[in-house]
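# A closer look at the structure
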Amino acid sequence: TIGKMKRVVDRWVEKTYERQVEEGRIAMKAKERRRENGKDNEEEQDWTGFGMNEYEQVARQRDRDIKSANQLLISEKWSLERALLLHGEPHEVPSHFTTYNPLTGEQPKDVEREREKITKRMDLAQKKASSEMYVIYKIIQKALIKIN
C-alpha cells in the first residue's frame, strides 16, 4: 500500500508539473503575441528578473527539441542509409542497425522497431523520397554489376 501511495503521489506530481509547463507554454505564446502586436507594456512585464519562469523555460526547450528533431528528419530526406533501413534487403541494412546473420537470415527485432519509429515520423513526401532513393540505389548497383 505504501508503494501504491507513492505511485499515486508521483503521478499527481508529474501531472501537476506537466500542467504547469503547458501553462508556461501558453504564457510564452501570449507574451510573443503581445510583442508582435506592440502591446508589451512595462506594467505587464515579468518582474522575476529573468523574463520568464522555469516552466516557460522548460516549454521553450521542449519546443526547440521538437523543432530540431523535425529539421533533422527533413534534412535526411534523401538519406541512402535511411532508404536502406526502410526498404533494403536484410543484408543491405546498415551494420549499426543490425548484426545480420547470413546463415539464418535473421536480424534483431530492434531493426523493425527502428523502421516503425522512423516511418511514423515521416510525411508522405519523405516516404516517397526514401523509396525513390532505394530504387536509384538498386539501379546503380545493377549497372555496376553489368560494368564489371
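In short, a report on the structure. (Residues numbered from 1 in each chain as written. Predicted model: local features only at pLDDT ≥ 70, side-chain atom pairs only at ≥ 80, totals over all residues. Heavy atoms only, no water.)

Another point: the overall build of the protein chain. Secondary structure assignment for the protein chain yields five helices and zero strands. When the helices and strands of the protein chain are read in sequence order from the N terminus, they spell out α-α-α-α-α. When the 148 residues of the protein chain are sorted by exposure, 21% land in the buried category. The long-range share in the protein chain, meaning contacts at least 24 apart out of those at least 6 apart in sequence, stands at 64%. Surface summary for the protein chain: the accessible area is close to 11600 Å², and the carbon and sulfur share equals 56%. (Helix = DSSP H or I, 4+ residues; strand = E, 2+ residues; numbered from the N terminus. Buried < 20%, exposed > 50% of the residue type's maximum accessible area, 1.4 Å probe, protein only. Contact = heavy atoms within 4.5 Å. Areas by Shrake-Rupley, 256 points an atom, 1.4 Å probe, with all protein chains shown as cover.)

Moving on, we come to helix 3 (residues 80-87). Residues of helix 3 that are buried include every one of R82, A83, L84, L85 and L86, and no others. A side-chain oxygen of the first residue of helix 3 lies 3.4 Å from the backbone nitrogen of E81; this N-cap is S79. (Polar contact = N/O pair within 3.5 Å; in protein donor to acceptor, adjacent residues only side chain to side chain.)

Counting residues in hydrophobic clusters, the biggest one holds six residues: L85, L86, V93, V111, I118 and M122. Dropping the residues within four chain positions of it, L86 is found in contact with R115, I118, T119, M122 and S130. (Core = buried A, V, L, I, M, F, W, Y, C linked by side-chain atoms within 4.5 Å.)

A few words now on the packing of helix 3 against helix 5 (residues 124-147). For the pair helix 3 and helix 5, interaxial distance at closest approach is 8 Å and the crossing angle is 90°. Compared by their axis directions, helix 3 and helix 5 come out roughly perpendicular. Listed contacts from helix 5 to L80, R82, A83, L84, L86 and H87 of helix 3 are Q126, K127, S130, S131, M133, Y134 and Y137. (Axes fitted to C-alpha atoms, helices over the stretch in contact; angles between N-to-C directions. Parallel < 35°, antiparallel > 145°, perpendicular 65-115°, else oblique.)

Moving on to a nonpolar patch on the surface. A grouping of M5, V9, W12 and V13 is seen on the molecular surface, where their side chains present a nonpolar patch of about 430 Å² in accessible area. Mapped onto the fold, V9 is located in helix 1 (residues 2-36). (Patch = residues over 30% accessible without salt bridge, like charges linked within 9 Å, V, L, I, M, F, W, Y side chains within 5 Å. Salt bridge = Lys/Arg side-chain N within 4 Å of Asp/Glu carboxyl O.)

Our focus in this paragraph is the side chain of E92. Here E92 is to be found in the loop between helix 3 and helix 4 (109-121). For E92, a relative accessible area of 8% puts it in the buried group. A distance of 2.8 Å separates a polar side-chain atom of E92 from the backbone nitrogen of E89. Excluding residues that lie within four positions of it along the chain, E92 makes contacts with L84, Y134, Y137, K138 and Q141.

Turning our eyes to something else, we now look at the environment of A83. With respect to the helices, strands and loops of the structure, A83 is situated in helix 3. Note on A83: relative accessible area 0%, which makes it buried. The spacing of A83 and A129 is 46 residues in sequence and 8.5 Å in space, taken between C-alpha atoms. Aside from chain neighbours lying at most four places away, what touches A83 is G88, S130, M133 and Y134.

What follows concerns helix 1. The periodicity of an α-helix, 3.6 residues per turn, causes residues three or four positions apart to be oriented the same way. The terminal C-alpha atoms of helix 1, which comprises 35 residues, lie 51 Å apart, in line with the 51 Å expected from a rise of 1.5 Å per residue. All of the buried residues along helix 1 are T16, V21, G24, R25, M28 and K31. One or two steps after helix 1, the chain reaches G38, where phi turns positive at roughly 70°. (Expected span 1.5 Å × (residues − 1).)

Read these as geometric descriptors, not functional statements.
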